[in-house]
Amino acid sequence: MREIRKILIANRGEIANRIIWTCKEMGIKTVAVHSEADREALHVRYADEAICIGPAPSSESYLNIPAIISAAEITNVDGIHPGYGFLAESATFATICEDCNIKFIGPRPDVITMMGDKVEARRTMTAAGVPILPGSPDPIDSIEDAKKLALEIGFPLIIKAAAGGGGRGMRIVRHESELAGSLELAQSEALNAFKNGAVYIERYIERPRHIEIQVLADEHGNVIHLGERECTIQRRHQKLLEEAPSPAISRELREEMGAVAVKACQEIGYSSAGTFEFLLDEDDRFYFMEMNTRIQVEHPVTEMVTLTDIVRNQVMIARGENAQFSQDDVIIRGHSIECRINAEDPVKFTPSPGRITAFNIPGGPGVRVDTAVYPGYVVPPYYDSMIAKLIVHARTRELAIARMQRALEMMVVEGIKTTIPLHQKIMADENFRKGDFSTKFMEEFKY
Ligand code: MV4
């Protein structure tokens with residue numbers, strides 16, 4: 001057992017707040033770090049201590065490893081929680097934490113590195129019995145290789161960056177005539193964006209759903225899954241809303257996908273919270289896409305339907321505790337939906353930073369709001385535009401939609417534009433209400 005009495009949160013915004021909530025309930029002291037632009041941020045006020053780590057740009061503050069490690073040393077913390085984004089999936093940062101005898105609250109650095117390389121991840125997952133789409137076992141480096149593979153897997157196919165993820169640097173190829181050009185473009189784009197030009201090829205699924213499985217794994221080989229999240233509704237690879245459970249998943253399919261994810265964790269010696277992203281095709285076949293080795297934005301919908309605190313579990317696992325969880329204790333109760341409220345123009349999706357002149361969050365049964373903004377707060381232009389997550393929980397999907405509709409109606413954010421009106425239109429959409437949608441939903445959506 002490792003003592004964790006004090007945690008530094010290497011993040012900002014709602015997730016920094018979210019981690020502080022759990023630390024307070026666990027009797028753990030907290031240290032906030034913040035940029036010069038975040039002096040008035042809520043996580044700074046709620047933490048027991050706060051340290052400025054640099055100027056507004058995240059490259060000089062929230063990504064500044066020496067500054068964060070210095071803050072951790074000065075305040076004598078036992079662990080660092082990285083949240084999501086920023087340094088959450090930096091194996092370098094996780095290694096430096098361990099070298100400084102500070103517990104990184106997440107999986108081992110070698111597992112982060114392996115999952116960061118999507119070609120390596122595909123290989124490892126195949127060996128662990130996880131279904132993947134037909135494609136290249138190695139990076140593609142010549143047009144001859146690409147042509148040979150294309151002949152085997154057929155068209156359409158998709159070219160993805162090995163160092164990519166989250167949809168960046170992908171290219172769909174529908175005809176052989178486009179293959180050479182697309183390959184070259186994909187390679188140079190990948191080199192540009194990730195300083196690594198390696199790409200791989202997969203069969204392309206035309207109208208998939210994005211389904212992900214949440215796992216919890218302790219450091220002693222105990223692994224459970226907490227069911228799935230439905231994350232299909234996205235725009236430009238940014239999720240707009242998520243739900244649990246998915247209206248497309250039966251109990252049998254949930255158990256099958258969960259068992260696959262649990263076995264994979266055991267094979268690779270995974271520990272902490274993690275997420276397996278799958279594509280689900282129209283015949284209910286699922287294929288591994290990526291694994292996220294961090295807590296995710298959309299974790300609350302899983303917390304609501306399983307009555308768990310995922311951050312608490314991460315801390316308990318980081319202490320080296322033997323998990324008290326067992327798969328039989330995991331029961332999915334009711335339905336949860338999360339709407340991401342962004343400071344954006346709801347039609348053009350352009351950022352809308354500025355002063356929030358009025359802010360009023362809905363309450364009542366089954367409503368949760370994860371946020372770090374308040375009336376008078378100025379949304380800075382430097383960071384992600386998400387200002388709040390509106391989460392509801394109810395007995396059925398239909399009731400959860402009704403609850404979300406009244407919560408959206410009662411949520412007041414003035415002074416900046418937000419995505420609230422967009423969510424209201426989605427909640428009223430017939431296909432959304434039927435649960436009938438694919439990743440093309442927003443392209444086909446009229447508003
Ligand atoms: C795909 C795909 C279809 N077939 N791979 C987008 C995010 C990145 N992780 C991978 N993505 C996709 N990969 C194959 N072989 C379709 C997408 C995709 C997508 C996936 C999930 C949610 C929204 C999406 C929107 C467009 C494309």
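These numbers come from a predicted model, not from an experiment. (Residues numbered from 1 in each chain as written. Predicted model: local features only at pLDDT ≥ 70, side-chain atom pairs only at ≥ 80, totals over all residues. Heavy atoms only, no water.)

Asks: Is there a simple way to think about the overall build of the protein in this case?
Replies: Scanning the protein for helices and strands turns up 15 helices and 22 strands. Here the protein has a C-alpha radius of gyration of 22 Å; the compact-globule value for 447 residues is 22 Å, and the two agree. Here the C-alpha coordinates of the protein stretch approximately 60 × 50 × 45 Å along the principal axes. For the protein, the share of sequence-separated contacts (at least 6 apart) that also reach a separation of at least 24 residues comes to 66%. Distance from the positive charge centre (51 side chains) to the negative charge centre (64 side chains) of the protein: 4 Å. (Helix = DSSP H or I, 4+ residues; strand = E, 2+ residues; numbered from the N terminus. Rg over C-alpha atoms; globule rule 2.2 N^0.38 Å. Contact = heavy atoms within 4.5 Å. Lys, Arg positive; Asp, Glu negative; His and termini not counted. Charge placed at Lys NZ, Arg CZ, Asp CG, Glu CD.)

Asks: Can you walk me through helix H5 (residues 109–116) in this structure?
Replies: What sets the pattern is the α-helix's 3.6 residues per turn: residues three or four places apart point alike. What H5 keeps buried is the set Val-111, Ile-112, Met-114 and Met-115. Within H5, the buried residues cover an arc of 165° as seen down the axis, which keeps them to one side. Those residues of H5 hidden inside the fold are in contact with helix H4 (91–99), strand E5 (103–104), helix H6 (118–127), helix H9 (251–268) and strand E15 (286–292). (Buried < 20%, exposed > 50% of the residue type's maximum accessible area, 1.4 Å probe, protein only. Arc of directions from axis to C-beta.)

Asks: Even after reading the chapter, I still don't get the packing of aromatic side chains, so can you show me in this structure?
Replies: For the coordinates displayed, the defined rule picks out 11 aromatic pairs. A ring pair is formed by Phe-93 and Phe-104, whose centres lie 6.1 Å apart and whose planes are at 85°; its orientation type is edge-to-face. Here Phe-104 lies in strand E5 and Phe-93 lies in helix H4, a separation of 11 residues in the sequence. Phe-104 carries the same exposure label as Phe-93, and that label is buried. (Phe/Tyr/Trp six-rings, centres within 6.5 Å; stacked < 30°, edge-to-face > 60°.)

Asks: Just checking my understanding: could you explain the pattern of salt bridges for this structure?
Replies: If the charged atoms of two oppositely charged side chains come close together, the side chains can form a pair. Throughout the structure, instances matching the rule amount to 36 salt bridges. A salt bridge links Arg-397 to Glu-243, with the nearest nitrogen and oxygen atoms 2.8 Å apart. A residue pair is termed long-range when its members are at least 10 positions apart, and Arg-397 in helix H12 (residues 397–410) and Glu-243 in strand E13 (residues 241–244) qualify at 154 residues. Accessibility classification places Arg-397 together with Glu-243 in one group, the buried group. A cluster of three or more residues bridged by salt bridges with shared partners is formed by Glu-212, Arg-229, Lys-239, Glu-242, Glu-298 and Arg-340. (Salt bridge = Lys/Arg side-chain N within 4 Å of Asp/Glu carboxyl O.)

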